[in-house]
Amino acid sequence: VWEVEFERRFGAEAGPLVARALHRASRILPRIVAYNYPYNLFPTTRGWIEKQRMGDLPEYAAALPSDTQQFQSFAGAARDQIQGQSSAKIHPLDSSAWFARLSAEVLSLVEAAEARAKGARTPEFAATVVDLRILAYLALYHARRCQAGYSYALWEQSQDLHMLDDALSHEESAIEAWAQIVAAAGNAYADDLPLGLARAGLTGHWRDERTALRQGLAALQAERSTFRPAQPDTKPHIAHVPLRRARPGEDLLVRATVSASAPVARVWVNYGREGSEVRTLDLERKESPQVDPSEFCLCQAVIPGDQVREGLRYWIKALDAEGRQTAFPEKGADAPLAVTVTGDERPPTVIHEPIRSAPARQPLTVTAQVYDPSGVAWVRLRYRSVTQFHDYRTLDMQPTDRADVYQATLPGGHVDPQWDLMYLIEAMDACGNGTIYPDLEVETPYVVVRLE
């Protein structure tokens, strides 16, 4: 229907392309709010997601998703990376890829529509193209700021200065994307858009937010230049974000920030597969004018791709000038870091017949077929009453005597007749690929059970 309408407005060639671009772009603003949104912006007198940068990077990185069940927060994803845990929720880097992909799709459709518009370049067409470009570059901004927020969260939790450097680099890239929003808006919009109160950030133009972004970046750069790690009293300290996953045959970059009360003499990584020869590789120091080598050092090394194979394990060691050693992880060779080396990026397949109604106060059994070529690590049922005053509960779905079939039973006391019930299923495979059923890309991402 929309393609027919826009064909009437903008011609047979350009109209359907504009309709498709609008359809794709309509997903951008809801996804921004869903994956990460500062709580103070929720009131309509404070939030204007089309124009706001959503705060400086520390605030952006600390915000929670508005849909905390579907999306991982930056802090939660960083914690899982450091602690070696897995989640079926959508990772910030997956959100980044989603925004980048949608941005490219919308821009491609806009360019194609402009090339075919011919005599249909009406004021309405021009205004529509401006708005589509703004939305596409807004998606690109969040694609890049997703990466900055995740790196900043890793920095806060690990104190590995490499993560702050990554955050700065991604933030600079995000600001470049915001500059493209400013260019796309141009003079099509007033310099001082009056949506609401100025003190709430509900006036102005996108270029004002670009100025604020640059100021925030300068503050982060100042934080970087003045950072000094705590000096350990005895053995050296290693700050490192563990590498949990790699593709077979690809080089693996190992980075660490090492501090000591005496100058750091050497840092190296031991790596190998269980039962095979352990190899040693020195980490080279990175030159930086902001780092005093007598206080700490930034260092890195590359494990060559031909050694990146299934079963890879590694640990880092550091030695100071007084002969004191330390390891990361603390137990070193007795408890090395395990890297999942795989090219498998497909999550498990979940087949389930949704339960649409059930008697209240009675146990409710949920069954699903779950399979994956690499093996299923776990299947979980998440459920709550249809009220935001209740949090989700979790049940491990247990394998049954039928192949690939898992099952869990809710206690009758949790099937509360005051509200209907909602549930979803999470599954994780042996390679760390997770999925949630129902899939929010194709349908409402939970099942509602009407209670009788």
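The coordinates are above.
These remarks concern the structure in this document. (Residues numbered from 1 in each chain as written. Predicted model: local features only at pLDDT ≥ 70, side-chain atom pairs only at ≥ 80, totals over all residues. Heavy atoms only, no water.)

Taking strand neighbours across the sheet as the criterion, the 4 strands line up as E12-E14-E18-E17 in an open arrangement whose pairing is antiparallel. Looking at strand neighbours, the two that pair on one side only are strand E12 (349-351) and strand E17 (398-399), the edges of this open sheet. Here E12 pairs with strand E14 (residues 364-371) via 3 bridges, running antiparallel. Across the sheet, the residue bridging to Ile-351 is Gln-369, located in E14. (Pairing = 2+ DSSP bridges. Helix = DSSP H or I, 4+ residues; strand = E, 2+ residues; numbered from the N terminus.)

Time to look at unusual backbone geometry. A cis geometry characterises the amide bond from Phe-328 onward to Pro-329, with omega recorded as -5 degrees. Although it is not a glycine, Gln-159 adopts a positive phi angle of roughly 60 degrees. For Gln-159, the location among the structural elements is in the loop between helix H7 (123-158) and helix H8 (161-185). Despite not being glycine, Arg-361 has its phi angle at roughly 65 degrees, a positive value. With respect to the helices and strands, Arg-361 occurs in the loop between strand E13 (357-358) and E14.

This part takes up the sheet that holds strand E6 (residues 284-285). Read across the sheet, 4 strands follow the order E1-E3-E7-E6 without closing on themselves; strand pairing throughout is antiparallel. Because the sheet does not close on itself, it has two edges, and the strands there are strand E1 (237-239) and E6. Across 2 bridges, the pairing between E6 and strand E7 (residues 296-303) is antiparallel. Its bridge partner lying in E7, Glu-284 is registered against Gln-300.

Attention shifts here to the layout of surface pockets. In this structure, the second largest pocket encloses a volume near 650 Å³. Lining the second largest pocket are 22 residues; nearest its centre among them are Ser-66, Asp-67, Thr-68, Arg-384 and Gln-388. (1 Å grid on protein atoms, 1.4 Å probe; cavity = no way out; pocket = protein on both sides within 12 Å on 5 of 7 lines; lining within 4 Å. Points joined across faces, edges and corners; volume = space filled by probe spheres on them.)

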